[in-house]
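# Structural description and commentary
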Amino acid sequence: MHESRPARSLGRRHTSGLPFDRPGTFWRGNLHTHTTESDGALTPRQTARHYQEHGYDFLAVTDHFRPEYDFPVTDTRALRGLGFTTLIGAELHAPRTEAGPSWHIVAVGLPIGFAPPHPGEDGPQLARRARAAGAFVGMAHPAASLLTVDDAESLDAAHAVEVYNALAEREHRGDSWHLTDTLLNRGHRLTAYAADDAHLQPQDPPACAAWVNVLAETLAPGLLLAALKAGDFYSSTGPEIYDVQLTDEAVVVRCSPASKVVLSGGAPGAEVVEGTDLTECSLPHAMFRRGYCRVTVEDAFGGRAWTNPIHLDRS
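Just so we're clear, the structure is a prediction, and the values are computed from it rather than from any experiment. (Residues numbered from 1 in each chain as written. Predicted model: local features only at pLDDT ≥ 70, side-chain atom pairs only at ≥ 80, totals over all residues. Heavy atoms only, no water.)

## Structural notes on the overall build of the protein chain
- A count of helices and strands for the protein chain gives six helices and 16 strands.
- Its C-alpha atoms give the protein chain a radius of gyration of 19 Å, within 12% of the compact-globule value 20 Å for 315 residues.
- The C-alpha extent of the protein chain, read off along each of the three principal axes, is 55 × 40 × 35 Å.
- Relative to its full complement of 315 residues, the protein chain shows a buried share of 55%.
- In the protein chain, 66% of the contacts between residues at least 6 apart in sequence involve partners at least 24 apart.
- Counting every atom, the protein chain has about 13200 Å² of accessible surface; 49% of that belongs to carbon and sulfur. (Helix = DSSP H or I, 4+ residues; strand = E, 2+ residues; numbered from the N terminus. Rg over C-alpha atoms; globule rule 2.2 N^0.38 Å. Buried < 20%, exposed > 50% of the residue type's maximum accessible area, 1.4 Å probe, protein only. Contact = heavy atoms within 4.5 Å. Areas by Shrake-Rupley, 256 points an atom, 1.4 Å probe, with all protein chains shown as cover.)

Following this line, the structure appears as structure tokens:
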């Protein structure tokens, strides 16, 4: 086991696309949520209250955009208030993936009047239309949907992959990093977010288990949406990441007390630091210099936090 290594300067800093040294506040939010407008147990107001009471700053309600629910883009604007806001979205569906009858596409930032799928419109076409309408587009629970690389590469409008889905974890298909790493290695510049996929049904695991921390100067929905599209966020199921900086030789991490910090990415292998109440460390990035790397912070309770990919080839 490696002991905790304090962070230290290892040369000049690089511009890496990481948001940690920019002005603003990290706001906690969930990007994948269902209510009684589709198959959730609680109304939009009850759902928003649940998240607000659990310390969230914003919520995207993404009810299933299907004919049996009359294609809802659930209007949550009336639920916005001091210290809590909402983003408008939906989980889009259209035929079909290699293993499943329909796509599952999270679209956050949709206009209220977004039109239902056109006759013959497939998932990639629907996602392109959502992105053109202003949405942040994510591949929902790829592992649970058995999404293939060919499927994922066809979804060319996606901004991000849902790399952790708390609801899918109950069937041991919550983690979709393998697909994400494969796509990144093929040159697709995608970010990575975690989400509950909350339905708040009695049989479901507890909500408020996976979230994004989005950097923005205020809670204005437009600023949050722009930050998501820019990749100015990290994801977590527990730990906090305070700072990640890239130098000539290493990625330098500051975080809440952790038991492990891992640097992995576009090459087999990883740099790992383990310890007790680890809060600072430096991890050499030499093995990833031709591509990208990412940081995972794990705490003593098994919670994890992930940065977005750090692209070293353009540093």
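## Observations concerning the nonpolar core
- Counting 34 residues, the largest nonpolar core has Leu92, Leu110, Phe114, Ala130 and Met139 as the members making the most contacts within it.
- Looking at this core, the elements with two or more residues in it are strand S4 (85–92), strand S5 (105–108), helix H2 (123–132), strand S6 (136–139), strand S7 (160–165), helix H5 (177–185) and strand S8 (191–195).
- Leave out the neighbours within four places in its chain, and Phe114 touches Phe65, Val73, Leu92, Leu126, Arg129, Ala130 and Ala133.
- By size, the runner-up hydrophobic cluster in this structure holds 23 residues, among which are Phe20, Val253, Val261 and Ala305. (Core = buried A, V, L, I, M, F, W, Y, C linked by side-chain atoms within 4.5 Å.)

## Things to note about the layout of surface pockets
- By volume, the second largest pocket amounts to about 150 Å³.
- Surrounding the second largest pocket, 13 residues form its lining, His141, Ala144, Leu167, Glu171 and Asp197 being those nearest its centre. (1 Å grid on protein atoms, 1.4 Å probe; cavity = no way out; pocket = protein on both sides within 12 Å on 5 of 7 lines; lining within 4 Å. Points joined across faces, edges and corners; volume = space filled by probe spheres on them.)

## Description of unusual backbone geometry
- The backbone phi angle of Asp197 is positive, close to 55 degrees, even though this residue is not glycine.
- For Asp197, the position within the fold is in the loop between S8 and strand S9 (211–216).
- Residue Cys208 is not a glycine yet carries a positive backbone phi of 60 degrees.
- Relative to the helices and strands, Cys208 is located in the loop between S8 and S9.
- Under the relative-accessibility criterion, Cys208 is labelled buried at 15%.

## Some thoughts on the packing of aromatic side chains
- Per the counting criterion, the structure on display carries 10 aromatic pairs.
- Between Phe20 and Tyr234, the aromatic rings sit 5.9 Å apart at their centres with planes inclined by 35 degrees, giving tilted as the arrangement. One end of the pair, Phe20, is in the segment before strand S1 (25–30); the other, Tyr234, is in strand S10 (residues 233–236), with 214 residues separating them in the sequence. Neither residue differs from the other here; Phe20 and Tyr234 are each classed as buried.
- Where Tyr56 meets Trp211, the ring centres are 6.3 Å apart and the plane angle is 80 degrees; that geometry is what we call edge-to-face. One end of the pair, Tyr56, is in the loop between helix H1 (44–53) and strand S2 (58–61); the other, Trp211, is in strand S9, and 155 residues separate them in sequence.
- Its relative accessible area of 6% is what places Trp211 among the buried residues.
- Directly above the ring of Tyr56 sits Arg28, whose terminal nitrogen or CZ lies 5.7 Å from the centroid.
- Of note, Arg294 hangs over the ring of Trp177, and the distance from its end group to the ring centre comes to 3.7 Å. (Phe/Tyr/Trp six-rings, centres within 6.5 Å; stacked < 30°, edge-to-face > 60°. Lys NZ or Arg CZ within 6 Å of the ring centre and 35° of its normal.)

## Re the pairing of S6
- On S6, burial covers both faces: Phe136 and Gly138 on one face and Val137 and Met139 on the other are all buried.
- In terms of strand pairing, S5 meets S6 through four bridges, oriented antiparallel. Bridge pairing links Val106 to Gly138 in S6. (Pairing = 2+ DSSP bridges.)

## A short note on helix H6 (residues 221–230)
- Buried within H6 are the following residues: Leu224, Leu225, Ala227 and Leu228. Buried residues of H6 fall within an arc of 160 degrees about the axis and therefore sit on the same side. Pointing more than 90 degrees away from the buried face of H6 are the exposed residues Gly222 and Ala230.
- Just downstream of H6 lies Gly231, where phi reads positive at about 80 degrees. (Arc of directions from axis to C-beta.)

## With respect to the environment of Leu200
- As for its position among the elements, Leu200 is in the loop between S8 and S9.
- Discounting chain neighbours no more than four positions away, the residues touching Leu200 are Ala41, Leu42, Thr47, His50 and Ala207.

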